[in-house]
Every structure is written in structure tokens, then in C-alpha cells.
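A look at the structure
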Amino acid sequence: MRFKKQMGVEDTKNMWSMVATWPFSLQCVEKGAQILRDGGAAMDAAEAGVRLVETDETVDSVGRGGYLNAAGELALDAAMMDGNTLKMGVVACVRGFEHPVSIARKVMENTRHSILVGPHAEEFARKMGFTEADPDYLIPKNVWKKYEEEKNKRKTSGHDTIGCVALDAGGSMCVATSTSGANLRLPGRVGDTPIIGSGFYVQTGVGGAAATGLGEDIMRTCCSFRVVELMRGGMSPREAVETVVLTAHNTLLQCGLRPDCIALVCMNARGETAGACNHQGFSYACVSENEPPRVISVPPIIDKDA
Ligand code: GLY
């Protein structure tokens, strides 16, 4: 409560709301809505929603069934950030566990640190009571088949993320993100998803944002923090997210780079949401006290392939 008062958030009933990247997040916001409707906490809604997508083996870029790295490992990245305290928990390159988002939450809540990586994050997960999942469950046969077909290709694609922003009826905001990272990445490579300010940012009373796309480009342009700062400055979610995607795209061009996919979702402290992208085919899922769960298609603000 103290944190929310300091941030100017009244302790009254607010409209709850949730937004998350890609149509596969419809199940995430539906789950979150069940929790938020009953007065549950934004952190619990976001974590429970993201866990569903991590378990869904048909989502090829998050959790179980996700893209393997060049060494044939499923090494997962995830983050949670509490908008009341600005505390965050991050894990990167975690192997053998189904729910990196829950391990990230434990980092935030049970340590004095923010980021744990690789084998040390795995050791921490075991200490926190997480059980390792069966390798055949985490990496189904079709994933191995695709890996064998693609592992020697010079050019590969695939790098999507679930990034979810939630606001509860008490006014608290949080972000949760999770990804398997880019397809056939070098072992040890980490993208934007667990990087504060790039893949995610949130402050209760201001707003939150989360990104999906090629991590290298999103990190170069610190997209999520910039969206939140523009909302702090008075922009609507739509103005803020479109400005950031356009600026990031043009900045990369000015620096002689060819922008890859960049897409973001965001929410302000009133629960209003928006998304923007620089490529065809992006959509996001959202739900609020006033609107049922739905998927919204986003026309590109600028098209990287045009
Ligand atoms: N956006 C996910 C990644 O690049 O790893």
C-alpha cells in the first residue's frame, strides 16, 4: 500500500485490465481475467496466464516446445516486474524447467538480486522446490524434427515472446515475459525478453510495456522503458507505443542497420491498452473489466518489408 500511495495511486477500486502479445496469449488473458475479476493480484494473474502459454507445446517460441539453440538445448528466458516496488526477477538460459516465469518471480521475491543465469538459475530453481521436467515432455518429437531440418541453414527465423502487462482492481501493475529466444541462437545468447527497459518495464500509477520481435533490435533501442516514459509524459498508450516503434525503426535505419521485427504492447494506469509493430501479422490479446477477452490485429506503423 505504501508504494502505491507514494506513486499517487488511490487505494480505491479500479478497472482491472490485461494485455499480452500474440493471439496465443488469448488463453493468458482469459486465465488472468478469472483471477482479476475475483479481486486477485496483477502478479498472480500475469504469472498464471504466462504459465499456460509456457505449457502449450503448440506455441513454438515460448516454454515447452519452444525453439532450440544451436546446440539443441531448450534454454528459456523470463522476467517478472512489480510496478509497485520496481523490483524485478529475471532468469536467462534456464534448461530443464517448464515454468521460467515462476522461477523469475522467486528471484524477485526470495533473493536480494534481480538476475540469475544458466546453471546457477537452475540450481536456484531446485533449491526453491521446482522439479525438473522430463526432457521428452519439454522437447516433443516435432521440435527435434524441425531442429534437424533447420540446424545447418545459414538463415533462420523465429523469435516471438509472450509479454503481458496486468493491472488489478487495487491499481497495482506488473509485467511478465517469457520466451525460448531466437531460433537456433548461439548457446548463451540472451535477447530482450529478460532485459529491463528493453523487453519490459512497468511502474504502478504510470503504465507498463512489453516487447516481442528480434531481441537485438529491441535492446538497441530500449523500447519498453521509452513507451512507459512517454505515457508518463502524457501520451496515450497508442501515441506512446507507435512513437517508440517508429523511432526505433528509424534509428536503426539511421545507424545503417536493417530493422528486423519490433512489436510492443502497453497499458496506462487506467487500464487502456494499445499495440504497435513495424511488420505485417502482429496481433495481441486483451481483456478488461469492461471488455471480454479478444484478439486485436495491428496494422504496421511502418512496414520493414515494404
Ligand atoms: N524477443 C525474443 C528474443 O529475441 O529472444
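Placed above this text is the structure.
Residues numbered from 1 in each chain as written. Predicted model: local features only at pLDDT ≥ 70, side-chain atom pairs only at ≥ 80, totals over all residues. Heavy atoms only, no water.

The next thing to look at is the site of the ligand. Residues in close proximity to the ligand include His159, Thr161, Gly181, Ala182, Arg189, Gly191, Asp192, Thr193, Gly213, Leu214 and Gly215, which together make up its full environment. Within the side chain of Thr161, one N or O atom sits 3.1 Å away from a nitrogen atom of the ligand. Its free accessible area being 200 Å², the ligand has 100% of it covered by the protein chains. Among the cavities detected, the one that contains the ligand is the largest cavity. Split into classes, the residues belonging to the shell around the ligand amount to 2 nonpolar, 7 polar and 2 charged. (Near = heavy atom within 4 Å. Polar contact = N/O pair within 3.5 Å; in protein donor to acceptor, adjacent residues only side chain to side chain. Areas by Shrake-Rupley, 256 points an atom, 1.4 Å probe, with all protein chains shown as cover. 1 Å grid on protein atoms, 1.4 Å probe; cavity = no way out; pocket = protein on both sides within 12 Å on 5 of 7 lines; lining within 4 Å. Sits in = over half its atoms within 2 Å of the grid points. Nonpolar A, V, L, I, M, F, W, Y, C, P; charged D, E, K, R; others polar.)

On to the side chain of Glu122. Inspection of the secondary structure puts Glu122 in helix H5 (residues 118-127). At 2.8 Å, the side chain of Glu122 forms a polar contact with the backbone nitrogen of Arg95. If we ignore the near neighbours within four places in the chain, the residues touching Glu122 are Cys93, Val94, Arg95 and Phe97. (Helix = DSSP H or I, 4+ residues; strand = E, 2+ residues; numbered from the N terminus. Contact = heavy atoms within 4.5 Å.)

In this section: the pairing of strand E7 (residues 200-203). Two faces make up the sheet, and in a regular strand the side chains alternate between them. Taking every second residue as pointing to the same face, both faces of E7 are buried, with Phe200 and Val202 on one and Tyr201 and Gln203 on the other. For E7 and strand E8 (residues 207-213), the ladder comprises 4 bridges, and the chain directions are antiparallel. From the neighbouring strand, Phe200 faces E8, where its bridge partner is Ala210. Hairpin connection of E7 to E8: 3 residues between the antiparallel strands, including Gly205 at a positive phi of 90°. (Buried < 20%, exposed > 50% of the residue type's maximum accessible area, 1.4 Å probe, protein only. Pairing = 2+ DSSP bridges.)

The next subject is the packing of aromatic side chains. Across all of its chains, the model carries 3 aromatic pairs by this definition. Where Trp144 meets Tyr147, the ring centres are 5.7 Å apart and the plane angle is 80°; that geometry is what we call edge-to-face. Placement of both Trp144 and Tyr147 in helix H7 (residues 141-150) is noted, with a separation of 3 residues, approximately one turn of the helix. The partly exposed category is assigned to Trp144, whose relative accessible area is 35%. (Phe/Tyr/Trp six-rings, centres within 6.5 Å; stacked < 30°, edge-to-face > 60°.)

Right, let's talk about unusual backbone geometry for a bit. Negative phi is the rule for most residues except glycine; trans is the rule for most peptide bonds. In this model, Leu86 sits at a positive phi of 60°, which is unusual for a non-glycine residue. If you trace the backbone, Leu86 turns up in the loop between strand E2 (75-82) and strand E3 (87-95). Relative accessible area serves as the criterion here: at 36%, Leu86 is assigned to the partly exposed category. Positioned with a positive phi, Cys222 is a non-glycine residue whose angle comes to about 45°. Note that Cys222 resides in the loop between helix H8 (215-220) and helix H9 (223-232).

With 79 residues, the main nonpolar core has Met18, Cys28, Val91, Ile103, Val227, Leu264 and Phe282 as its most contacted residues. Excluding residues that lie within four positions of it along the chain, Val227 makes contacts with Ala209, Ala240, Val241, Val244, Leu264 and Cys266. Formed by 9 residues, the second largest nonpolar core is a distinct cluster that contains Leu68, Leu74, Leu76 and Ile139. (Core = buried A, V, L, I, M, F, W, Y, C linked by side-chain atoms within 4.5 Å.)

To find the voids left in a structure, one rolls a probe of water-molecule size over its atoms. Counted according to the given criterion, the structure contains 1 cavity of 30 Å³ or more. There is about 60 Å³ of room inside the largest cavity. Lining the largest cavity are 13 residues; nearest its centre among them are Gly181, Arg189, Gly191, Asp192 and Thr193. Split into classes, the residues belonging to the lining of the largest cavity amount to 2 nonpolar, 8 polar and 3 charged. (Points joined across faces, edges and corners; volume = space filled by probe spheres on them.)

Taken together, the 4 strands give an open sheet; going across it, the order is E7-E8-E9-E10, and neighbouring strands pair in antiparallel fashion. Every interior strand has two partners, whereas the edge strands, E7 and strand E10 (273-277), have only one. Averaged over all neighbouring strand pairs, the angle between strand axes comes to 10°, with direction disregarded. Taken together, the 5 bridges between strand E9 (residues 262-268) and E10 define a ladder with antiparallel strand orientation. Residue Leu264 lies in a different strand from E10, and its bridge partner there is Ala276. H9 rests against E7, E8 and E9 of the sheet, and its axis sits at about 150° to E8. Contacts from helix H10 (residues 237-254) reach E9 and E10, with the element oriented near 20° to E10. (Axes fitted to C-alpha atoms, helices over the stretch in contact; angles between N-to-C directions.)

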